[in-house]
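Next come the chains, spelled out residue by residue.
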Amino acid sequence: MVNETIKIRALNPSDKSELAKIANNKKVWDNLRDYIPYPYHEKDAEFFINKTKQENPKQSFGITSQDSLCGVIGLSIQKDVYRKSAEIGYWIGEPYWGKGIATKAVKLITKYGFNELDLHRIYAGVFAYNIASMKVLEKNEFEKEGIFKNAIFKNGKFHDEYRFYKLNPSSSV
């Protein structure tokens, strides 16, 4: 059962230590793109938090459960002819895995993307071995769009990328 105290909110400078603590985990990093550093230090957290403050519109958020920071979620709005689409990305600190937090956070940011950012399409690329993330997306009615063979090179190996999408039900097609 999902705890209704799960929220997404702006990251604050006071989140620096906790963000560094939960992000500095190889099991978390194994499911993230390489531009996110590992090991993850407080200076990395400070840099990221400062970067989110410059976003207009707001696209990156902390995920909280019972007011404790437990992860990060964001939308990356695309450009040019893709400007009505965004890629969703998220991660949860290992102590919070398996509690329904990611499912609720994806629901919240999808609603935000469709209602506040006027997006038509939100999509996600998931590493083939990240079954938990695929389930999170499916629980939020994202549909599997395809498999990009050997599209990801992570930890010295090639992996397939599973692509999921959801369309805004109130957008005109």
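Placed above this text is the structure.
Since we're looking at a predicted model, the values are computed, not measured. (Residues numbered from 1 in each chain as written. Predicted model: local features only at pLDDT ≥ 70, side-chain atom pairs only at ≥ 80, totals over all residues. Heavy atoms only, no water.)

J.: Outline unusual backbone geometry, supporting the account with residue identities and numerical values.
T.: Put simply, Tyr38 and Pro39 share a cis peptide bond, and its omega is 0°. Summarising the element assignment, Pro39 is placed in the loop between helix H2 (26–29) and helix H3 (42–53). Looking along the chain, the bond that leaves Asn56 and enters Pro57 is cis, with omega of 5°. Among the secondary structure elements, Pro57 is positioned in the loop between H3 and strand E2 (60–65). With phi around 50°, Gln66 is a residue other than glycine that occupies positive phi space. Checked against the element boundaries, Gln66 lands in the loop between E2 and strand E3 (68–77). Backbone geometry places Asp118, a non-glycine residue, at a positive phi of 55°. By the secondary structure assignment, Asp118 is in the loop between helix H4 (101–115) and strand E5 (121–127). (Helix = DSSP H or I, 4+ residues; strand = E, 2+ residues; numbered from the N terminus.)

J.: Explain helix H1 (residues 16–23) to me, using residue names and the numbers behind them.
T.: Residues three or four positions apart in an α-helix share a direction because the helix packs 3.6 residues into each turn. Regarding H1, the residues found buried are Leu19, Ala20, Ile22 and Ala23. Residues of H1 that are buried make contact with H2, H3, E3 and strand E4 (85–92). (Buried < 20%, exposed > 50% of the residue type's maximum accessible area, 1.4 Å probe, protein only. Contact = heavy atoms within 4.5 Å.)

J.: Which residues make up the layout of surface pockets, and what are the values?
T.: There is about 1,400 Å³ of room inside the largest pocket. What lines the largest pocket is a set of 49 residues, and nearest its centre among them are Leu32, Val72, Gly89, Tyr90 and Trp91. For the lining of the largest pocket, the secondary structure elements donating two or more residues are H1, H2, H3, E3, E4, H4, E5 and helix H5 (131–139). Of the residues contributing to the lining of the largest pocket, the split by class is 27 nonpolar, 13 polar and nine charged. Lining the second largest pocket are Lys107, Thr110, Lys111, Phe114, Asn115, Lys139, Asn140, Glu141, Lys166, Asn168, Pro169 and Ser170. With five residues, H4 is the largest single contributor of residues to the lining of the second largest pocket. Residues belonging to the lining of the second largest pocket are distributed by class as follows: two nonpolar, five polar and five charged. (1 Å grid on protein atoms, 1.4 Å probe; cavity = no way out; pocket = protein on both sides within 12 Å on 5 of 7 lines; lining within 4 Å. Points joined across faces, edges and corners; volume = space filled by probe spheres on them. Nonpolar A, V, L, I, M, F, W, Y, C, P; charged D, E, K, R; others polar.)

J.: Please give an account of the nonpolar core that cites residues and values.
T.: Membership of the largest hydrophobic core comes to 42 residues, with the highest contact counts inside it found for Ile73 and Ile88. The greatest single-element share of this core, amounting to six residues, is contributed by H4. Dropping the residues within four chain positions of it, Ile88 is found in contact with Ile73, Gly74, Leu75, Val106, Ile109, Thr110, Ile122, Tyr123 and Ala124. (Core = buried A, V, L, I, M, F, W, Y, C linked by side-chain atoms within 4.5 Å.)

J.: Please set out the packing of aromatic side chains residue by residue, giving values where relevant.
T.: For the structure on display, the rule yields four aromatic pairs. Seen in terms of ring centroids, Phe127 and Tyr129 are 5.7 Å apart; in terms of plane orientation they differ by 65°. Their pairing is edge-to-face. With a relative accessible area of 9%, Phe127 lands in the buried category. One residue, Lys154, lies across the ring of Trp29, its end atom 3.3 Å from the ring centre. The positively charged end of Arg163 is found above the aromatic ring belonging to Phe148, 4.6 Å away from the centroid. (Phe/Tyr/Trp six-rings, centres within 6.5 Å; stacked < 30°, edge-to-face > 60°. Lys NZ or Arg CZ within 6 Å of the ring centre and 35° of its normal.)

J.: Hey, could you go over the pattern of salt bridges for me, with residue numbers and the actual values?
T.: Taken as a whole, this structure holds 13 salt bridges when the rule is applied. Among the salt bridges present, the one from Lys166 reaches Glu141, with a minimum N-O distance of 3.9 Å. Of this pair, Lys166 sits in strand E7 (residues 157–167) while Glu141 is found in the loop between H5 and strand E6 (143–154), placing the two residues 25 residues apart along the sequence. For Lys166, a relative accessible area of 19% corresponds to the buried category. (Salt bridge = Lys/Arg side-chain N within 4 Å of Asp/Glu carboxyl O.)

J.: Which residues make up the sheet that holds E4, and what values do they have?
T.: Hydrogen bonds between backbone groups are what pair the strands of a sheet, and the pairing can be parallel or antiparallel. The seven strands lie next to each other as E1-E2-E3-E4-E5-E7-E6, forming an open sheet whose pairing is mixed. The two strands at the open ends of the sheet, each matched to only one other strand, are strand E1 (6–9) and E6. Recorded for the sheet is a direction-independent mean angle of 30° between the axes of neighbouring strands. Pairing between E2 and E3: six bridges, direction antiparallel. From the neighbouring strand, Ser60 faces E3, where its bridge partner is Gly74. Strand contacts of H5: E4, E5 and E7, with the helix running at about 160° to E5, the strand carrying the most contacts. (Pairing = 2+ DSSP bridges. Axes fitted to C-alpha atoms, helices over the stretch in contact; angles between N-to-C directions.)

So far we have only geometry, and geometry alone does not tell us how the molecule works.
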